[in-house]
Amino acid sequence: MRKAWLAWTTVVAPVLVAAGCASYPDEATTRQTTEKMVGEAYSGVSPALRKRAVQDRSQQICSKIGNAKLTQQEAAEVAKLARASITYPASGKLVGDWKAGAKLAYSGAGQRIRGGKLEKAKENGALCSNCHVLDPKEVNAGNLGPSLTGFGAQRGNSEAAVKYTYEKIYNAWAYSPCSNMPRLGSSGHLTPEQISHVVAYLIDPASPVNKK
Amino acid sequence: MPKLRGGLAAVAFVCLVANAHGQSADPMAVGRQMLAEDNPGELWVERGKMLFYQKRGPKNTSLETCDFGLGPGKLEGAYAQLPRYFADTDKVQDVESRLVTCMVNLQGFTYQQAIKDHFGTLDRMSDIEGLVAFIASRSNGMTMNVPLIHQKEYDTYKAGEYIFYRRNGPTDFACITCHGDDNKRIRLQDLPNMTDRKQIQAVAASWPAYLGTKSTVLTMQNRLYECIWQMRLPDLGYLSDMSVALTSYLNRQGNGAVIQAPGVKR
């Protein structure tokens, strides 16, 4: 059914265009003209900052119109690139200080640009509470991502649980390709040490995340 | 005027704080409702109306003969059909880029003069925001009906759609990341699901809007700028094609909505 419709439109569309009727441009044309358009939209800032709007390979794959499903091959490529991007703290310690992690988890600061100038922040926040409930007592939390209350209480603090948590924060796409979550470590937004603090905040039994 | 707005901001703030502890599914709803009943955006509409009919610029001319798509001087319903293609500029334009075209061509402002201080602040109302609020309000009660006729309208619409799904920047965000599901929030900020017909219509019908948190009217260009800022992308060029394309996509999706501008938001 769908195939027949496609065949029909591919026959009819050029006829309509030839007859002077306007219609949707094809995908390749849209990509080409719009990429140029995006570049021009940011022409007022330095090339170093403008680079942010240029997509890497994974972002390209993850930008499907209508959130169309990834092919198996695409998902595998994104996961592979994500896995290859992950680095660990020089100390080898994946669980840092949960109190430092708490501060990071509730900070939405860092990296914003206004008037061509980069925001002045002591350090980038981990942005967690923008999208996740963490400490059940904190009302000001988003719900774009799942609630992480009781994260450590549920998963424990085994080596495997710690490694998973660290890697998921470093590059979520290693586990769920193209998920909504930013690749916080791979993009350079957080350092491996900062991520280890956030891991501690999620895992440590003393953390408010795991208190009833 | 700043005093009055400061007062309004204080009222808005009290409402927000009061409701932040409300724990309802939509903690901001009551505050918004209170604001909507006494729309501070009307101040911008009044000022915009004054500016629209005032003789201004090097040519000492009003904007009365500006063509917003339905013919020179015809404002009623014009905003409901924007963005659209304009033959004289050979471009698809939104209300703001069209307004600036008229400020340049009719009133003799240079482009730079026309767009100077385009975003207002707490202490300074922007002329453009007032004018846009006024022009949009002349379509109130009418149905959003953004045309897809000219090839460039099709191209622009598709570009907007492409950008809506285009992930980029240090956060890997696209518009769809935050605006693709029902009942989502960033912290306490509600996020409309722009893939849902009803919700995108509510968005299209209510911009420009008065924002309680900023105590000013924001145009769509300004609103998109703020989204892009939050996504950690560089400053979105004012009146850029990208800005117009996104607006084309969003407003066209909102076709059928009954316009009530300026809206009132958190």
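Remember, it's a predicted structure, so these values are computed and weren't measured experimentally. (Residues numbered from 1 in each chain as written. Chains lettered and ligands numbered in written order. Predicted model: local features only at pLDDT ≥ 70, side-chain atom pairs only at ≥ 80, totals over all residues.)

## With respect to the overall build of chain B
Basically, it comes down to this: Numbered from the N terminus, helices here are DSSP runs of H or I no shorter than four residues, and strands are runs of E no shorter than two. Note on contacts: residues are paired as contacts if their backbone-placed C-beta atoms lie within 7 Å.
Scanning chain B for helices and strands turns up 11 helices and seven strands. Long-range contacts, defined here as pairs at least 24 residues apart, represent 69% of the contacts in chain B between residues at least 6 apart.

## Section: the packing of helix α9 (residues 159-170) of chain A against helix α10 (residues 192-203) of chain A
Residues and elements named next belong to chain A. We count it as follows: Each axis is a line fitted through C-alpha atoms, and for a helix only the stretch in contact is used; angles between axes span 0 to 180 degrees, taken between their N-to-C directions. Oblique is the label for any angle not under 35 degrees, not over 145, and not in the 65 to 115 range, which are roughly parallel, roughly antiparallel and roughly perpendicular in turn. By convention the crossing between two helices is left-handed if the near helix lies anticlockwise of the far one by an angle smaller than a right angle, and right-handed if it lies clockwise.
In contact at an axis separation of 9 Å, α9 and α10 are set at 125° when each is read in the N-to-C sense. Relative to α10, the element α9 is oriented oblique. Regarding α9 and α10, the two cross each other, and that crossing is right-handed. In this structure, α9 uses Ala 161, Val 162, Thr 165, Tyr 166, Ile 169 and Tyr 170 to contact α10, whose residues at the interface are Ile 195, Ser 196, Val 198, Val 199, Leu 202 and Ile 203.

## Remarks on the sheet that holds strand β6 (residues 216-218) of chain B
Where strands meet in a sheet, backbone hydrogen bonds hold them as pairs that are either parallel or antiparallel. All names here are of chain B. This is how it is decided: Note on pairing: two strands pair once DSSP finds at least 2 bridges between them.
Ordered by their spatial adjacency, three strands build an open sheet running β6-β5-β7, and the pairing between neighbours is mixed. Each edge of the sheet is formed by a strand with only one pairing partner; in this case those strands are β6 and β7 (263-265). Across the sheet, the mean angle from the axis of one strand to that of its neighbour is 35°, orientation sign disregarded. Pairing of strand β5 (residues 209-211) with β7 involves three bridges; the strand directions are parallel. The partner of Tyr 210 across the bridge, within β7, is Val 264.

## Things to note about the interface of chain B and chain A
You'll often see interface size given as the accessible area lost when the parts meet. Note the following rule: Only Asp, Glu, Lys and Arg are considered charged in this grouping, and only Ala, Val, Leu, Ile, Met, Phe, Trp, Tyr, Cys and Pro are considered nonpolar; every other residue, Gly among them, is considered polar.
Chain B puts 41 residues into the contact, and the matching count from chain A is 47 residues. Put simply, the parts of the chain that give the side of chain B that touches chain A at least two residues each are α7 (151-164), α8 (175-178), β3 (184-186) and α11 (241-253) of chain B. At eight residues, the largest contribution of residues to the side of chain B that touches chain A is made by α7(B). When the residues that make up the side of chain B that touches chain A are grouped by side-chain class, the tally is 19 nonpolar, 10 polar and 12 charged.

## Considerations on the confidence of the model for chain B
Low pLDDT means the predicted atomic positions in that stretch should not be read closely. Residue and element names in this part refer to chain B. Worth spelling out the cut-off: Confidence of the predictor at the level of single residues is given by pLDDT, which spans 0 to 100.
Per-residue pLDDT for chain B has a mean of 90; in total, 86% of the residues score no lower than 70. Low pLDDT (under 50) marks residues 1-24, which in the prediction has 27 contacts with non-local residues, meaning those over four places away or in another chain. We note a pTM of 0.88 for the whole complex and an ipTM of 0.90 for its interfaces.

## Focus: the environment of A:Pro25
Summarising the element assignment, A:Pro25 is placed in the loop between α1 (2-18) and α2 (27-41). Separated by 78 residues in sequence, A:Pro25 and A:Lys103 have C-alpha atoms that sit 48 Å apart. Leave out the neighbours within four places in its chain, and A:Pro25 touches A:Thr30, B:Tyr154, B:Asp155 and B:Lys158.

## Overview of the environment of A:Ser107
Residue and element names in this part refer to chain A. Among the structural elements, Ser 107 can be located in the loop between α6 (98-105) and β1 (113-114). Separated by 46 residues in the primary sequence, Ser 107 and Ala 153 have C-alpha atoms spaced 23 Å apart. Other than its neighbours up to four places away in sequence, Ser 107 contacts Gly 125 and Ala 126.

## Some remarks on unusual backbone geometry
Residue and element names in this part refer to chain B. Cis geometry marks the peptide bond from Leu 82 to Pro 83; its omega dihedral reads 0°. Mapping Pro 83 onto the fold places it in the loop between α3 (42-53) and β1 (84-86). That bond from Ala 261 to Pro 262 is cis: its omega, -5°, falls within 30 degrees of zero. Structurally, the position occupied by Pro 262 is in the loop between α11 and β7. Here Asp 172, not a glycine, exhibits a phi torsion of approximately 60°, which is positive.

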